[in-house]
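# Analysis of the macromolecular model
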Amino acid sequence: MTHDEHTPHRGNIPAYAIGALDDRDVAALETHLRSCLSCQNELAEYRAMSASLLMAVPPKHPPAALRTRLAGKLPSARKITRPRFTFSLNRFALGLTVIALFVLNLVSLMQLRQIQSQQARLSSQFENAQAALVMLSSPNIIMLPVLGENVSGTLLLDRERNQAVLVTQNLPPLSENQIYQIWLVKPDGGRDSAGLFSPESGQSYTTQNISTSQPFSDYLGIGVTVEPAGGSDAPTGERVFKVDF
């Protein structure tokens, strides 16, 4: 290999020996070293010289303070800070406000449900009263007396329209787990349920519309018993009164 071919590479061998050569010159030098025995020998001499220089200088330990400061900056030495609960008057006030709003919303919801329930009862009372007024104007209406102890009233019956309205007075109030149930009495002694109702507190009378898919002429009359809330499939309580057709 000619002297001109060595010239561009020999100047890079010292830097290459200590790992300080630019990356763009490393590839060219390593390609040259594969085929140049002279440059390989020179590289070996520089590496041996670098190693002897490193061994000639005794290692020096850093000061203890420097080591402690550097060790404290390592990720493994960092302490994980956990959030601590600290009392705050603002947080306490915010908590009381949230609780107060929750209670207020709960009370408002209960009041709304009570109002809705009252509206439903008033609507039912209005419909029953309206049905009774319509029947009273009919020429075909029959007025049948209510037969019961300490209970009075009238059954308004229109067989042609297959309509009936029960008007009662002095019905005893019931507990929350009880209700009045109307039964249509069949000729064979069977009973068909014809509705549930409860007397309204503060009202002197109770009006209840009676509806059935069968003609009233198929029945002998009605009876009213006290049943568990929700009604029964067949009479289970005592009969309060009856009306014969």
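Look up a bit, the structure's there.
Below or above, wherever it landed, is the structure these notes cover. Each residue is numbered by its place in its chain's sequence as written, counting from 1. Local features in this predicted model are restricted to residues whose pLDDT is 70 or higher, and side-chain atom pairs enter the listing and the counts only when it is 80 or higher, whereas totals over whole chains, interfaces and linings include all residues. The basis for the side-chain values is all heavy atoms of the structure; hydrogens and waters are excluded.

## Some words on unusual backbone geometry
- Look at Asn 150: it is not a glycine, yet its phi comes out positive at around 60°.
- Strands here are runs of E lasting at least two residues and helices are runs of H or I lasting at least four, both read from the DSSP assignment and numbered beginning at the N terminus. By the secondary structure assignment, Asn 150 is in the loop between strand E2 (147-148) and strand E3 (152-158).

## Examining the packing of aromatic side chains
- Two rings from Phe, Tyr or Trp (for Trp, the six-membered ring) form a pair when their centres sit within 6.5 Å of each other. Planes less than 30 degrees apart are called stacked, planes more than 60 degrees apart edge-to-face, and all others tilted. Taken as a whole, this structure holds 2 aromatic pairs when the rule is applied.
- Geometrically, the ring pair formed by Tyr 180 and Phe 197 is stacked, given 5.5 Å between the ring centres and 25° between the ring planes. Of this pair, Tyr 180 sits in strand E5 (residues 178-185) while Phe 197 sits in strand E6 (residues 191-197), and the two are 17 residues apart along the sequence. Like Phe 197, Tyr 180 is buried.
- Between Phe 216 and Phe 245 the ring centres are 6.1 Å apart and the planes differ by 75°, which places this aromatic pair in the edge-to-face class. In this pair, Phe 216 is assigned in the loop between strand E7 (205-210) and strand E8 (221-228) and Phe 245 in the segment after strand E9 (239-244), connecting sequence segments 29 residues apart.
- According to the relative accessible area criterion, Phe 216 is buried, its value standing at 1%. The buried label goes to any residue with under 20% of its type's maximum accessible area, the exposed label to any with over 50%, and the partly exposed label to all in between, with areas taken from a 1.4 Å probe on protein chains only.

## Remarks on the state of the cysteines
- Whenever a pair of cysteine sulfur atoms sits within 2.5 Å, that pair is classed as a disulfide. This structure, assessed with the given rule, holds 0 disulfides.
- Left without a disulfide partner, Cys 36 is nearest to the cysteine sulfur of Cys 39, which lies 3.4 Å away.
- Look at Cys 36 and you get buried, because its relative accessible area is 3%.

## Looking at the environment of Gly 237
- Along the polypeptide, Gly 237 turns up in the loop between E8 and E9.
- Considering only alpha carbons, one finds Gly 237 and Gln 178, 59 residues apart in sequence, at a separation of 10.0 Å.
- Any pair of residues with heavy atoms lying within 4.5 Å of one another is described as a contacting pair. Not counting residues within four places of it along the chain, the set of residues in contact with Gly 237 comprises Thr 225, Val 226 and Glu 227.

## Focus: the nonpolar core
- Nonpolar core, defined: a set of buried Ala, Val, Leu, Ile, Met, Phe, Trp, Tyr and Cys residues in which side-chain atoms within 4.5 Å join the residues together. Ranked by size, the top nonpolar core spans 22 residues in total, and within it Leu 155, Leu 166, Ile 182, Ile 210, Ile 222 and Phe 241 carry the most contacts.
- Residue assignment for this core shows that the elements contributing at least two residues are E3, strand E4 (163-169), E5, E6, E8 and E9.
- Aside from chain neighbours lying at most four places away, what touches Ile 182 is Leu 166, Asp 192, Ser 193, Ala 194, Gly 195, Phe 197, Gln 208, Ile 210, Ile 222, Gly 223 and Val 224.
- By size, the runner-up hydrophobic cluster in this structure holds 10 residues, among which are Ala 17, Leu 33, Cys 39 and Leu 43.

## A word on the side chain of Gln 181
- With respect to the helices and strands, the residue Gln 181 is situated in strand E5.
- A polar atom in the side chain of Gln 181 sits 2.9 Å from the side chain of Ser 193.
- Here Gln 181 is in contact with Ser 193, Gly 195, Leu 196, Gly 223, Val 224, Thr 225, Glu 227, Gly 231 and Ser 232, once residues within four sequence places are set aside. Within 3.5 Å is the distance limit for a polar contact, defined as a pair of N or O atoms, with the added protein rule that one can donate a hydrogen and the other accept it, and that residues adjacent in sequence qualify only through two side-chain atoms.

Don't take any of this as a statement about function, it's just geometry.
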